[in-house]
Amino acid sequence: MSHQTVTAELRRWIVSQSEAGCRTEDLIASMIRSGWSEDIALAAIEAAGAERGQPAATALAAAAMPEPALAGAPTLLRTADRELRVLATLALPRVVVFGGLLADDECDALVELARPRLARSETVDNSTGGSEVNAARTSDGMFFERGETALIERIERRIAELVNWPVERGEGLQVLRYRPGAQYKPHHDFFDPAHPGTAGILRRGGQRVATVVMYLNTPAGGGATTFPEVGLEVQPVKGNAVFFSYERPLASTRTLHGGAPVVDGEKWVATKWLREGVFA
Ligand SMILES: O=C(O)CCC(=O)C(=O)O
Ligand SMILES: [Fe+2]
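Residues numbered from 1 in each chain as written. Chains lettered and ligands numbered in written order. Predicted model: local features only at pLDDT ≥ 70, side-chain atom pairs only at ≥ 80, totals over all residues.

Caption draft 1: Main features of the overall build of the protein. Broken down by element type, the protein carries 6 helices and 17 strands. In terms of overall dimensions, the protein has C-alpha extents of about 60 × 45 × 35 Å along its principal axes. With 280 residues in all, the protein has 35% of them scored as buried. Taking the contacts inside the protein whose residues are at least 6 apart along the sequence as the reference set, 73% of them involve residues at least 24 apart. (Helix = DSSP H or I, 4+ residues; strand = E, 2+ residues; numbered from the N terminus. Buried ≥ 20, exposed ≤ 12 C-beta atoms within 10 Å, placed from the backbone. Contact = placed C-beta atoms within 7 Å.)

Caption draft 2: Looking closely at the pairing of strand β2 (residues 82–90). Pairing of strand β1 (residues 76–79) with β2 involves 4 bridges; the strand directions are antiparallel. Across the sheet, residue Thr 79 finds its bridge partner in β2, namely Arg 82. Counting the residues in the hairpin turn of β1 and β2 gives 2 residues. When β2 meets strand β3 (residues 94–99), the two strands line up antiparallel, connected through 5 bridges. The residue of β3 that forms the bridge with Val 86 is Phe 98. Hairpin connection from β2 to β3: 3 residues lie between these consecutive antiparallel strands. (Pairing = 2+ DSSP bridges.)

Caption draft 3: Summary view of the environment of Thr 218. Considering the arrangement of structural elements, one finds Thr 218 in the loop between β10 (208–215) and β11 (221–222). For the pair Thr 218 and Lys 267, spaced 49 residues apart in sequence, the C-alpha to C-alpha distance is 6.8 Å. Ignoring sequence-local partners within four residues, the contact set of Thr 218 consists of Pro 236, Val 237 and Lys 238.

Caption draft 4: Structural context of unusual backbone geometry. Cis geometry is adopted by the peptide bond preceding Pro 93, which originates at Leu 92 and carries an omega value of 0°. Among the secondary structure elements, Pro 93 is positioned in the loop between β2 and β3. Positioned with a positive phi, Asn 164 is a non-glycine residue whose angle comes to about 55°. Judged by local crowding, Asn 164 falls into the exposed class, with 12 C-beta atoms found within 10 Å.

Caption draft 5: The site of ligand 1, seen in detail. Around ligand 1 lies a shell formed by Leu 176, Tyr 184, Asp 189, Val 213, Thr 225, His 257, Gly 259, Val 269 and Thr 271. The set of elements that each furnish at least two residues to the shell around ligand 1 consists of β15 (257–259) and β17 (267–275). (Near = placed C-beta within 6 Å.)

Caption draft 6: Highlighting helix α4 (residues 104–114). Along α4, the residues that are buried comprise Glu 106, Cys 107, Leu 110 and Ala 114. Summarising the axial view, the buried residues of α4 lie within an arc of 100°, below the 170-degree limit, and thus occupy one face. Exposed and facing more than 90 degrees away from the buried side of α4 are Asp 104, Asp 105 and Glu 112. Taken together, the buried residues of α4 touch β7 (140–143), α5 (150–163), β8 (174–178) and β17. (Arc of directions from axis to C-beta.)

Caption draft 7: Representation of the pairing of β7. Examined bridge by bridge, strand β4 (residues 119–120) and β7 share 2 bridges and lie antiparallel to one another. When the sheet's bridge partners are listed, Ala 119 is paired in β7 with Gly 141. Where β7 lies against β8, 4 bridges are found, and the strand directions are antiparallel. When the bridges of β8 are listed, Met 142 appears paired with Val 175.

Caption draft 8: View of the packing of helix α2 (residues 24–33) against helix α3 (residues 38–51). Running from N to C, α2 and α3 cross one another at 135°; their axes reach a closest spacing of 9 Å. One finds that α2 runs oblique with respect to α3. When the axes of α2 and α3 are compared, the crossing they make is right-handed. Here α2 contributes Thr 24, Leu 27, Ile 28, Met 31 and Ile 32 to the contact with α3, which in turn contributes Glu 38, Ala 41 and Ile 45. (Axes fitted to C-alpha atoms, helices over the stretch in contact; angles between N-to-C directions. Parallel < 35°, antiparallel > 145°, perpendicular 65-115°, else oblique. Left-handed = near helix turned anticlockwise from the far one by under 90°.)

The structure is reproduced here in structure tokens:
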């Protein structure tokens, strides 16, 4: 796609679309659907903004994002009911690794609540917006309702406080169990704007903008959460969690990630996905 350049015609089209009230997100999505590369789409929006006298980066400024309060580089963070550690951070992709987000007994209780409800994991079928069993994801999973039990409500409030994002903008917790050999191949958590089923999914709370994966046990071997574009592997350690965010549904967020095959033992995780709007 390196042959593509930002033409005056493309810039004029962007300006007219923005003046007609089209959101930046939708502009990017429709350019990508028409075959423009992500880089060119972003550059074109910036160039069109500059043409209209907007300072650089204003045209692409994203709305507020989930983000822990890390000013002053704290090693400990306190929420109303828990003290936890900041173990590692990365700027691009935006990743923060937390130690002790969950207590051991909270992990055990989530596993026992989820176990009788497990079924072979499904992923969203992008063409229809429905669910399908996917060979790329060989775990078993289930969803809790938001606030389903007092424990779940407490954990959801803790996460909301930790990443500064209202409980109402979160999906219900998902629990996954990976047996030896099971994995979740690299994927993005946001919904692909180019797929026909996505519009329907977005009606309920908009895009996903961040993910918190909490480790409910420590497998004997394997099972890291991997970010293959940047060579990052987060080891699954009981009670710890990895947070990552993506301000646009674009590969340039570098949030491609997966669950590496479990080598020995089982791996249990709870995933919380955060939406841009209220997920009701
Ligand atoms: O199991 C993992 O480490 C990653 C899980 C994941 O990517 C997801 O639930 O979307
Ligand atoms: Fe994921």
